[in-house]
Amino acid sequence: METVLVTVLVILVVTSLVNGSRLPLIVFQQHHHLFHRLEDMFDDLALQTTVSPEYHAYRTVAESDYRPLRILYQVGESEEELPVCRPWSVCSKVDMYESPWIERQCRCPGANKCSSSLSSNDGHTLSDKTRHFKLCEPVKKLSKCRYFRDITWTLTSGPDNVTQQLVHCHCPRGAVAYLIKQQAFQNRDGQIGYQYSFACSPQSRLRCQRKEPCRLFTVRKRLELLDEVNTNTLCQCPHNHYCPTHHTDPGTVQGKSYVEENIRTYSGYCFPK
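Note that the coordinates shown come from a computational prediction; the quantities given were computed from them, not determined experimentally. (Residues numbered from 1 in each chain as written. Predicted model: local features only at pLDDT ≥ 70, side-chain atom pairs only at ≥ 80, totals over all residues. Heavy atoms only, no water.)

A. Main features of the overall build of the protein chain. Each helix and strand counted, the protein chain has 3 helices and 18 strands in total. By residue count, 47% of the 273 residues in the protein chain fall in the buried class. Here the analysis covers contacts within the protein chain between residues at least 6 apart in sequence; of these, 61% occur between residues at least 24 apart. Accessible area for the protein chain stands at about 14900 Å²; split by element, carbon and sulfur atoms hold 52% of it. (Helix = DSSP H or I, 4+ residues; strand = E, 2+ residues; numbered from the N terminus. Buried < 20%, exposed > 50% of the residue type's maximum accessible area, 1.4 Å probe, protein only. Contact = heavy atoms within 4.5 Å. Areas by Shrake-Rupley, 256 points an atom, 1.4 Å probe, with all protein chains shown as cover.)

Below, the structure is given as structure tokens:
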């Protein structure tokens with residue numbers, strides 16, 4: 001059974017790379033997690049992956065009670081150049097890993113505005129790890145996902161390197177989203193894009209074994225003094241130990257670097273308190 005699983009995972013990675021998939025960082029993190037124990041088998045393949053989207057501009061705006069925020073635009077250089085959101089699209093992603101910053105995905109239709117609040121209690125926010133996903137619609141209208149069965153959101157990365165995230169249900173409190181399915185699609189011009197589906201999982205309660213990493217970090221340099229970081233918790237540290245929450249904390253070890261994509265990986269290990 002284990003041999004069959006490994007074979008399937010290899011096929012998925014090879015297929016995505018051969019077809020020129022430009023993996024968004026959140027998906028890159030999921031692939032890094034899946035193949036962490038098999039990474040020696042994929043040295044040559046992993047270096048071929050690329051990341052999307054490239055954001056074209058940023059500006060600084062002030063929000064009361066907070067330091068100025070950086071706002072990045074997926075398309076163009078202003079709100080007017082953003083596409084109109086489809087129903088239940090993520091209009092903004094707020095990164096809370098270090099100093100908060102926002103990436104704008106689309107603009108809400110009509111007179112509606114996409115929330116720029118850093119709070120997760122504005123009625124339009126879904127939280128996942130260190131990110132807040134902002135929706136045009138009230139999140140209370142979303143149903144609750146079932147663990148491992150329902151698709152909480154899909155991320156579509158088109159040939160034009162523009163991504164769209166559609167939410168279908170919300171994960172239970174304390175759960176995290178994980179990559180469950182990848183599908184290729186072809187547009188009218190015959191160009192290939194990819195859709196990634198995510199389901200909900202409870203946080204791992206497994207105890208970390210000796211020399212086993214408790215958390216993985218994938219760090220992409222976006223702009224000067226601005227990193228995009230994805231984290232993945234693997235296990236729980238034993239008593240009187242803690243798992244690093246930042247990739248520069250004591251107990252972290254730098255792993256592989258993907259120079260062309262400005263990506264570095266780190267493993268965090270349980271550290272005595």
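Having seen the structure, we can now continue with the description.
B. Spotlight on the state of the cysteines. This model, assessed by the stated rule, comprises 8 disulfides. Between the sulfur atoms of C91 and its disulfide mate C114 the distance is 2.1 Å. Measuring handedness by torsion sign, the sulfur bridge of C91 and C114 sits at about 80° and is right-handed. Placement of the pair is C91 in strand β5 (residues 90–95) and C114 in the loop between β6 (101–104) and β7 (125–128), with a sequence separation of 23 residues. C114 carries the same exposure label as C91, and that label is buried. (Disulfide = S-S within 2.5 Å.)

C. Highlighting the side chain of E212. Note that E212 resides in the loop between β12 (192–201) and β13 (215–223). Here the side chain of E212 touches Q209 through a polar contact of 2.7 Å, landing on its backbone nitrogen. (Polar contact = N/O pair within 3.5 Å; in protein donor to acceptor, adjacent residues only side chain to side chain.)

D. Focus on unusual backbone geometry. Residue K129 is not a glycine yet carries a positive backbone phi of 60°. Tracing the chain through its elements places K129 in the loop between β7 and β8 (131–135). Even without a glycine there, the phi angle at F148 is positive, about 65°. Secondary-structure assignment places F148 in the loop between β8 and β9 (151–157). By relative accessible area, F148 is classed as partly exposed at 47%.

E. Representation of the environment of A175. Turning to its location among the elements, A175 is positioned in the loop between β10 (163–167) and β11 (176–186). A relative accessible area of 11% places A175 in the buried class. Non-local contacts of A175, meaning those with residues more than four positions away in its chain, are made with Y147, S201 and P202.

F. Fine view of the sheet that holds strand β17 (residues 263–268). Overall, antiparallel pairing links the 4 strands, which are arranged β14-β13-β17-β16 in an open sheet. Each of the sheet's edge strands pairs with one partner strand only, and the pair in question is β14 (226–233) and β16 (252–258). Along the sheet, successive strands turn relative to each other by an average axial angle of 20°, direction set aside. (Pairing = 2+ DSSP bridges. Axes fitted to C-alpha atoms, helices over the stretch in contact; angles between N-to-C directions.)

G. Seen up close, the pairing of β11. Both β11 and β12 contribute to a ladder of 10 bridges, which runs antiparallel. Residue Q183 lies in a different strand from β12, and its bridge partner there is Q195. Taking the residues between adjacent antiparallel strands as the criterion, β11 and β12 are bridged by 5 residues, where G190 takes a positive phi near 80°.

H. Focus on the pattern of salt bridges. Counted by the stated rule, this structure contains 8 salt bridges. Between D95 and R131 there is a salt bridge, with the nearest N and O atoms lying 3.9 Å from each other. In this pair, D95 sits in strand β5 while R131 sits in strand β8, placing the two residues 36 residues apart along the sequence. Overlapping salt bridges, with partners in common, bring together D95, R131, R220 and E228 in one network. (Salt bridge = Lys/Arg side-chain N within 4 Å of Asp/Glu carboxyl O.)

I. Seen up close, the confidence of the model for the protein chain. Per-chain confidence: the protein chain averages 79 in pLDDT, with 76% of residues scoring 70 or above. In this model residues 1–21 is a low-confidence stretch, pLDDT under 50, and it forms 21 contacts with partners more than four residues away in sequence or in other chains. Within the model, pLDDT remains below 50 along residues 34–66, and this stretch shows 86 contacts once partners closer than five positions in the same chain are excluded. (pLDDT = per-residue confidence, 0-100.)

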